[in-house]
Amino acid sequence: MGKKQIWFEVEENETIEECLERMKKAGYQPFGRKEEPIFHVVNGEPTYLRQKIMFKGILIED
């Protein structure tokens with residue numbers, strides 16, 4: 001038996017729908033979502049790179 005809750009991160013080359021389908025195949029359903037910005041340093045200045053999206057999945061019990 002797996003964990004009851006786990007976080008799934010949307011990969012860089014993956015759509016949100018693909019991530020949700022991956023969760024479903026693993027036996028989880030979305031229960032929460034969080035986003036945070038990812039920055040990198042260019043010429044000593046922080047520059048926005050992308051948005052990190054994560055879904056909290058809860059185990060689907062049959």
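Residues numbered from 1 in each chain as written. Predicted model: local features only at pLDDT ≥ 70, side-chain atom pairs only at ≥ 80, totals over all residues. Heavy atoms only, no water.

Trainee: Honestly, the nonpolar core in this entry has me stumped. Any pointers?
Mentor: Nonpolar side chains tend to gather and get buried jointly when the protein is soluble and globular. In terms of nonpolar packing, the biggest core is built from 7 residues, these being Phe8, Val10, Cys19, Met23, Tyr28, Ile53 and Phe55. At the level of secondary structure, the elements contributing two or more residues to this core comprise helix 1 (16-25) and strand 3 (45-59). Excluding residues within four positions of it along the chain, Phe55 makes contact with Ile6, Trp7, Phe8, Val10, Ile16, Cys19, Leu20, Met23, Gly32 and Arg33. (Core = buried A, V, L, I, M, F, W, Y, C linked by side-chain atoms within 4.5 Å. Buried < 20%, exposed > 50% of the residue type's maximum accessible area, 1.4 Å probe, protein only. Helix = DSSP H or I, 4+ residues; strand = E, 2+ residues; numbered from the N terminus. Contact = heavy atoms within 4.5 Å.)

Trainee: What's the story with the packing of aromatic side chains in this structure? I'm lost.
Mentor: Note on aromatic pairs: each is described by the distance of the centres and the angle between the planes. All chains considered together, the criterion is met by 2 aromatic pairs. Where Phe39 meets Tyr48, the ring centres are 6.0 Å apart and the plane angle is 80°; that geometry is what we call edge-to-face. By relative accessible area, which is 48% here, Phe39 ends up partly exposed. Relative accessible area serves as the criterion here: at 45%, Tyr48 is assigned to the partly exposed category. Stacked on the ring of Trp7, the Lys or Arg Lys34 has its end atom at 4.5 Å from the ring centre. (Phe/Tyr/Trp six-rings, centres within 6.5 Å; stacked < 30°, edge-to-face > 60°. Lys NZ or Arg CZ within 6 Å of the ring centre and 35° of its normal.)

Trainee: Could you clarify how one ought to interpret the environment of Glu61 in this entry?
Mentor: Inspection of the secondary structure assignment puts Glu61 in the segment after strand 3. We classify Glu61 as exposed; its relative accessible area is 59%. Separated by 33 residues in sequence, Glu61 and Tyr28 place their C-alpha atoms 8.9 Å apart.

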